[in-house]
Amino acid sequence: MTNKQLNKLTTALALEGICDPNTVIIATIPAFASSYADAQSHVTNIQSLWLAQAQNTSGIAEDKRQARLAMCNTALVTAGAIHAFATKTKNNALANEMDFSLSDLMAGRDTESTRRCQEIYDTANTNLTALADYGLTAAKLNLLKASIAAYNLLITKPREVRAKGKTTTGNIQAEFDLLDEAQGIMNDLIPQFAPANQKFVDDYNNARTIVDTSASHASPTPPTPTPPTGLKINP
């Protein structure tokens, strides 16, 4: 959410603090009451979308890192068995191909790491019978296959979350546009309450003043909106 949007949300919540205790007054002008109900609905939608927008990829990125580490560790054990077999049988070319460290397998782009681990799997699968004496079993090889598959599923997840975040950002702006429309109608009608309820009108007009929450000198400061669960507003 941008600072401008946060300012608008702050103002909308400040207006709720004025209108909610005065439902009897605002009910005397149905169009105002209806627009206020619309504004409340848009504020609720904005807060829900804000929560979705704030979802970050850090958790997914950590899951992805852990899956990559698990895949590479499993592949490293498999490569070690193949390397031992190649050394024993004087297959220098194969020994060189399987001479990996964990950092070798973890290095590079996602697809490069997967490719190296897949090559280890393919080599082991081809020589599985001969590798039995070196501790490599079908069950262990299936574990490597599963770890590669699990990592492949996570490769595109952070990009998918970012793409959804862009869509959510557009939806938030649409809700703010509708909120502006509802509040515009309220602002047009608020003077009609003045003859009988001047204090309500004064409080409303004071609350509707948008204060820049990013400016330390801003005054007066309306109530800071309470973010959805799990979010914090940085001053």
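Residues numbered from 1 in each chain as written. Predicted model: local features only at pLDDT ≥ 70, side-chain atom pairs only at ≥ 80, totals over all residues. Heavy atoms only, no water.

**Focus on the overall build of the protein chain**
Argument step 1. Secondary structure summary: the protein chain contains 11 helices and 0 strands in total.
Argument step 2. The helix and strand sequence of the protein chain, counted from the amino end, reads α-α-α-α-α-α-α-α-α-α-α.
Argument step 3. Intrachain contacts of the protein chain at a sequence separation of at least 6 include 75% that bridge at least 24 residues.
Argument step 4. Carbon and sulfur atoms provide 54% of the accessible area of the protein chain, an area that totals close to 13200 Å². (Helix = DSSP H or I, 4+ residues; strand = E, 2+ residues; numbered from the N terminus. Contact = heavy atoms within 4.5 Å. Areas by Shrake-Rupley, 256 points an atom, 1.4 Å probe, with all protein chains shown as cover.)

**Regarding the nonpolar core**
Argument step 1. In terms of nonpolar packing, the biggest core is built from 31 residues, with Phe 32, Phe 193, Phe 200 and Tyr 204 touching the most fellow members.
Argument step 2. Among the elements of the structure, helix 1 (3–19), helix 2 (23–26), helix 3 (30–53), helix 10 (157–189) and helix 11 (198–207) are those that each provide at least two residues to this core.
Argument step 3. Considering every element that reaches this core, the biggest residue donor is helix 1, with 8 residues.
Argument step 4. Cys 72, Ala 75, Ile 82 and Leu 105 belong to the second-largest nonpolar core, a separate cluster that totals 24 residues. (Core = buried A, V, L, I, M, F, W, Y, C linked by side-chain atoms within 4.5 Å. Buried < 20%, exposed > 50% of the residue type's maximum accessible area, 1.4 Å probe, protein only.)

**A few points about the environment of Glu 119**
Argument step 1. For Glu 119, the position within the fold is in helix 7 (residues 110–126).
Argument step 2. Residue Glu 119 is classed as partly exposed on the basis of its relative accessible area, which comes to 37%.
Argument step 3. Along the backbone, Glu 119 and Glu 97 are 22 residues apart, and their C-alpha atoms lie at a distance of 9.6 Å.

**A closer look at empty space enclosed by the protein**
Argument step 1. Considering all chains together, one arrives at 1 cavity of 30 Å³ or more under this definition.
Argument step 2. Quantified by volume, the largest cavity comes out at close to 50 Å³.
Argument step 3. What lines the largest cavity is simply Ala 12, Leu 15, Glu 16, Tyr 36, Ala 39, Gln 40, Val 43, Leu 179, Gln 183 and Met 186.
Argument step 4. Of all the secondary-structure elements, those providing two or more residues to the lining of the largest cavity are helix 1, helix 3 and helix 10.
Argument step 5. Looking at the lining of the largest cavity, the element that brings in the most residues is helix 3, giving 4 residues.
Argument step 6. Partitioning the lining of the largest cavity into residue classes produces 7 nonpolar, 2 polar and 1 charged. (1 Å grid on protein atoms, 1.4 Å probe; cavity = no way out; pocket = protein on both sides within 12 Å on 5 of 7 lines; lining within 4 Å. Points joined across faces, edges and corners; volume = space filled by probe spheres on them. Nonpolar A, V, L, I, M, F, W, Y, C, P; charged D, E, K, R; others polar.)

**As for helix 9 (residues 138–154)**
Argument step 1. Its 17 residues give helix 9 an end-to-end C-alpha distance of 25 Å, which sits within 8% of 24 Å, the value for a rise of 1.5 Å per residue.
Argument step 2. What helix 9 keeps buried is the set Leu 141, Leu 144, Ser 147, Ile 148 and Tyr 151. Around the axis of helix 9, the buried residues are gathered within 115° of arc, so they sit on the same side. Helix 9 presents Ala 139, Leu 143 and Leu 153 as exposed residues on the side facing more than 90 degrees away from its buried surface. (Expected span 1.5 Å × (residues − 1). Arc of directions from axis to C-beta.)

**Points about helix 1**
Argument step 1. The first and last C-alpha atoms of helix 1 sit 24 Å apart over 17 residues, in line with the 24 Å expected at 1.5 Å per residue.
Argument step 2. Within helix 1, 14 of the 17 residues are buried, which leaves it mostly tucked inside the rest of the structure.

**Points about the side chain of His 42**
Argument step 1. Turning to its location among the elements, His 42 is positioned in helix 3.
Argument step 2. Overall, the relative accessible area of 14% leaves His 42 in the buried class.
Argument step 3. The residues contacting His 42, other than those within four sequence positions of it, are Glu 175, Leu 178 and Leu 179.

**Re the packing of aromatic side chains**
Argument step 1. For the structure shown, the criterion picks out 5 aromatic pairs.
Argument step 2. With centroids separated by 5.8 Å and ring planes inclined at 80°, the aromatic side chains of Phe 85 and Tyr 134 adopt a geometry described as edge-to-face. With Phe 85 in helix 4 (residues 58–88) and Tyr 134 in the loop between helix 8 (128–131) and helix 9, this residue pair connects regions lying 49 residues apart in the sequence.
Argument step 3. Ring geometry for Phe 200 and Tyr 204: centres 6.4 Å apart, planes at 55°, overall tilted. You can see Phe 200 and its partner Tyr 204 sitting in helix 11, 4 residues apart, about one turn around the helix.
Argument step 4. Classification of Phe 200 as buried rests on a relative accessible area of 6%.
Argument step 5. Tyr 204 sits in the buried class, given a relative accessible area of 0%. (Phe/Tyr/Trp six-rings, centres within 6.5 Å; stacked < 30°, edge-to-face > 60°.)

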